[in-house]
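Spelled out from the first residue to the last, the chains are:
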Amino acid sequence: LSYASLADVEPTSGIYSGIFPALVYSLWGVSRQGAVGPMSIPALMSGVAIDEFLEHKYPGDADALSDLTLRTGALAIISLSVGLFVTLIGLLRLGFLLDFVSVPVLKGFTAAAC
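Quick caveat, the model's predicted, so the values are computed rather than measured.

Parameters at a glance
- Residues numbered from 1 in each chain as written.
- Predicted model: local features only at pLDDT ≥ 70, side-chain atom pairs only at ≥ 80, totals over all residues.
- Heavy atoms only, no water.
- Helix = DSSP H or I, 4+ residues; strand = E, 2+ residues; numbered from the N terminus.
- Buried < 20%, exposed > 50% of the residue type's maximum accessible area, 1.4 Å probe, protein only.
- Salt bridge = Lys/Arg side-chain N within 4 Å of Asp/Glu carboxyl O.
- Expected span 1.5 Å × (residues − 1).
- Contact = heavy atoms within 4.5 Å.
- Core = buried A, V, L, I, M, F, W, Y, C linked by side-chain atoms within 4.5 Å.

Observations regarding the overall build of the chain
Along the backbone of the chain there are six helices and zero strands. Listing the helices and strands of the chain from first to last along the sequence gives α-α-α-α-α-α. Along the longest, intermediate and shortest principal axes, the C-alpha atoms of the chain span 45 × 30 × 25 Å. With 114 residues in all, the chain has 13% of them scored as buried.

Structure below.
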């Protein structure tokens, strides 16, 4: 519930964000030790992305930014887009591109995720 409040969406979205990733990963994940679930930094980043999306779609409408239904719909659009993008990267076998990212940058992302 707290992750949903960080993104300023409906509380049920926070509950679902803990259940569905684990179910999907249990079906298609490749690592038995993988830890999936909601984290605070992606929740904050999603909230900012939703704000920018709604400001672009409804310029000057302050009510749109506080409407939980619009925010939850925008979150669903962003989540599906990211999921499709990651699936496409996996199908095209583009994981080797991470070899070009330096180790300190990868460690920074890993440390921030914890």
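Considerations on the pattern of salt bridges
Here the structure, examined in full by the defined rule, presents two salt bridges. Because the salt bridges share partners, they merge into one network encompassing Asp 8, Asp 51 and Arg 71.

A few points about helix 5 (residues 68-91)
The first and last C-alpha atoms of helix 5 sit 34 Å apart over 24 residues, in line with the 34 Å expected at 1.5 Å per residue. Among the structural elements, helix 1 (2-7), helix 2 (11-28), helix 3 (40-57) and helix 4 (62-66) are those in contact with the buried residues of helix 5. Looking one or two residues past helix 5, Arg 93 carries a phi angle of roughly 55 degrees, positive in sign.

Examining the nonpolar core
Judged by nonpolar contacts, Ala 4, Ala 7, Val 9, Ile 50, Leu 54, Ala 74 and Leu 75 together constitute the single largest core of seven residues. Secondary-structure elements contributing two or more residues to this core are helix 1, helix 3 and helix 5.

Quick notes on unusual backbone geometry
A positive phi is found at Arg 93, a non-glycine position, where the angle reads about 55 degrees. You can call Arg 93 exposed: its relative accessible area is 67%.

That's the geometry; what it means functionally is another story.
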